[in-house]
Amino acid sequence: MDPRHQRRIAIVQNLYALGFEVPDNLRTAPDEGYSEALEILKDKEEFYAKISKHAPKFPVNSLAKVDLSILLLAMYELTKKDHKQPVKVVINEAVELAKELGSEKSPAFINAILGAFIDSHEK
């Protein structure tokens, strides 16, 4: 498996885990992708606003945590990451992550939100 894809999986897993309140005595040691997940969460309110704008029928707090984690990573890669990947690569990776980690509807949902974001961003 591509190391970049493995890294993205680790980041999504950390974003997912960080989405829950866990008592300190149950936390495990940070692993691969943890620091990037924390970096992404610094801008989570900005990303939540973008997700809400492009999926108004789905409040952010009611989204599946896996889908939300994948969307956060994709938004970060599309807008914040210094060494930006091509848009098509980021969206394709997000859809692939959704196929691996999400429900059967996750890939289409994530593709639709990211597609709408890119369409509005390019205008």
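None of these values were measured; they are calculated from a predicted model.

Within the chain one finds six helices and zero strands. Traced from its N-terminal end to its C-terminal end, the chain shows the element sequence α-α-α-α-α-α. The buried share of the chain, reckoned over its 123 residues, is 39%. Sequence-distant contacts in the chain: of pairs separated by 6 or more residues, those separated by 24 or more amount to 67%. Carbon and sulfur atoms form 52% of the exposed surface of the chain, whose accessible area is close to 7,500 Å².

Here we take up empty space enclosed by the protein. In the structure shown here, the tally under the stated rule is one cavity of 30 Å³ or more. Considered as a void within the structure, the largest cavity measures approximately 30 Å³ in volume. Of all the secondary structure elements, the ones that give two or more residues to the lining of the largest cavity are α4 (65-79) and α5 (87-101). Along the lines of polarity and charge, the residues of the lining of the largest cavity split into six nonpolar, no polar and three charged.

In this model helix α1 (residues 3-18) runs 22 Å from its N-terminal to its C-terminal C-alpha over 16 residues, within 8% of the 22 Å that 1.5 Å per residue would give. All buried positions along α1 are accounted for by His5, Arg8, Ile9, Ala10, Ile11, Val12, Asn14 and Leu15.

Inspection of every chain in the model, using the stated rule, returns eight salt bridges. The shortest N-O distance in the salt bridge between glutamate 96 and lysine 99 comes to 3.3 Å. Placement of the pair is glutamate 96 and lysine 99 together in helix α5, with a separation of three residues, close to one helical turn. Taking relative accessible area as the criterion, lysine 99 reaches 52% and is therefore assigned exposed. Shared partners join several salt bridges into a network, and the residues in it are Arg8, Glu77 and Glu93.

Here the focus is helix α2 (residues 34-41). What α2 keeps buried is the set Glu36, Ala37 and Ile40. Considered in projection along α2, the buried side chains sweep an arc of 105° and stay on one side of the axis. Looking at the buried positions of α2, the neighbouring elements they touch are α1, α3 (44-54) and α4.

It is at 10 Å that the axes of α3 and α4 come closest, and there the two elements cross at 105°. When the axes of α3 and α4 are compared, the pair comes out roughly perpendicular. Only Leu68, Leu71, Leu72, Met75, Tyr76 and Thr79 of α4 make contact with α3, whose side of the interface consists of Lys44, Phe47, Tyr48, Lys50 and Ile51. Class assignment for the residues of the contact of α3 with α4 results in eight nonpolar, one polar and two charged.

A separate point is the nonpolar core. Grouped together as the largest cluster of nonpolar side chains are 33 residues, with contacts concentrated most on Ile40, Ile70, Leu71, Ile110 and Leu114. Among the secondary structure elements, those contributing two or more residues to this core are α1, α2, α3, α4, α5 and α6 (106-122). The leading source of residues in this core is α4, at 10 residues. Discounting chain neighbours no more than four positions away, the residues touching isoleucine 40 are Ile11, Leu15, Phe47, Leu72, Leu73 and Tyr76.

About the thresholds
- Residues numbered from 1 in each chain as written.
- Predicted model: local features only at pLDDT ≥ 70, side-chain atom pairs only at ≥ 80, totals over all residues.
- Heavy atoms only, no water.
- Helix = DSSP H or I, 4+ residues; strand = E, 2+ residues; numbered from the N terminus.
- Buried < 20%, exposed > 50% of the residue type's maximum accessible area, 1.4 Å probe, protein only.
- Contact = heavy atoms within 4.5 Å.
- Areas by Shrake-Rupley, 256 points an atom, 1.4 Å probe, with all protein chains shown as cover.
- 1 Å grid on protein atoms, 1.4 Å probe; cavity = no way out; pocket = protein on both sides within 12 Å on 5 of 7 lines; lining within 4 Å.
- Points joined across faces, edges and corners; volume = space filled by probe spheres on them.
- Nonpolar A, V, L, I, M, F, W, Y, C, P; charged D, E, K, R; others polar.
- Expected span 1.5 Å × (residues − 1).
- Salt bridge = Lys/Arg side-chain N within 4 Å of Asp/Glu carboxyl O.
- Arc of directions from axis to C-beta.
- Axes fitted to C-alpha atoms, helices over the stretch in contact; angles between N-to-C directions.
- Parallel < 35°, antiparallel > 145°, perpendicular 65-115°, else oblique.
- Core = buried A, V, L, I, M, F, W, Y, C linked by side-chain atoms within 4.5 Å.

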